[in-house]
Amino acid sequence: MRRNRLLRWLRNAIVALLTLAPVAVGAVYALSARELARASRAEVPPFTLPLPTDSASLAEGERIAFTRGCIGCHGERLQGKRRLQQAARVKSNAPKLRRPLKNTIQKP
């Protein structure tokens, strides 16, 4: 009698846990999604750092881009290029860097 009561209590506890676990996971997911959506609406201040345009700075930037390998992935003129394509399923593209910098960096 006592054993049956213990088994019934244990069965009910397992059913309750299996029922409440997905509800708890769903609640945590919904709360975190709401928090992430709220955080993504944050105001981002505009980029205000002045970029140097003198020839020495441009030459140093070109040297850094070449020595760090940026040109290898992004292309000679920072136009972006495809780096990897395997079996027509996996593609890896280096983004275009030229568009955001178009008005600030010129080739001498």
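Above this text sits the structure in question.
Residues numbered from 1 in each chain as written. Predicted model: local features only at pLDDT ≥ 70, side-chain atom pairs only at ≥ 80, totals over all residues. Heavy atoms only, no water.

Undergrad: Would you explain the overall build of the protein chain in this entry?
TA: What the protein chain contains, in helices and strands, is four helices and two strands. In the protein chain, the order of α-helices and β-strands from amino to carboxyl end is α-α-α-β-β-α. Counting only residues that meet the buried cut, the protein chain has 7% of its 108 residues in that class. Here the contacts in the protein chain between residues at least 6 apart in sequence split such that 18% fall between residues at least 24 apart. When the accessible surface of the protein chain is totalled, it reaches about 9900 Å², and 62% of it is carbon and sulfur. (Helix = DSSP H or I, 4+ residues; strand = E, 2+ residues; numbered from the N terminus. Buried < 20%, exposed > 50% of the residue type's maximum accessible area, 1.4 Å probe, protein only. Contact = heavy atoms within 4.5 Å. Areas by Shrake-Rupley, 256 points an atom, 1.4 Å probe, with all protein chains shown as cover.)

Undergrad: I'm lost on the environment of arginine 68 in this one. Help?
TA: Inspection of the secondary structure assignment puts arginine 68 in the loop between helix 2 (55–67) and helix 3 (70–74). A residue is classified by how much of its surface remains accessible, and arginine 68, at 59% relative accessible area, is exposed. In this structure the side chain of arginine 68 is engaged in a polar contact, spanning 3.2 Å, whose partner is the side chain of threonine 67. (Polar contact = N/O pair within 3.5 Å; in protein donor to acceptor, adjacent residues only side chain to side chain.)

Undergrad: Explain the pattern of salt bridges to me, please; I cannot follow it from the model alone.
TA: Here the idea is simple: oppositely charged side chains can pair when their charged atoms come close. In this structure the tally under the stated criterion is two salt bridges. Its salt-bridge partner being arginine 38, residue glutamate 35 comes within 2.5 Å of it at the nearest N-O pair. A residue pair is termed a helical-turn pair when its members lie 3 or 4 positions apart in one helix, as glutamate 35 and arginine 38 do in helix 1 (residues 2–40) at three residues. On the basis of relative accessible area, glutamate 35 is assigned to the partly exposed category, the value being 41%. A salt bridge links arginine 63 to glutamate 60; the nearest nitrogen and oxygen atoms lie 2.8 Å apart. Here glutamate 60 and arginine 63 lie together in helix 2, a separation of three residues that amounts to about one turn. Classification of glutamate 60 by relative accessible area gives partly exposed; the value is 34%. (Salt bridge = Lys/Arg side-chain N within 4 Å of Asp/Glu carboxyl O.)

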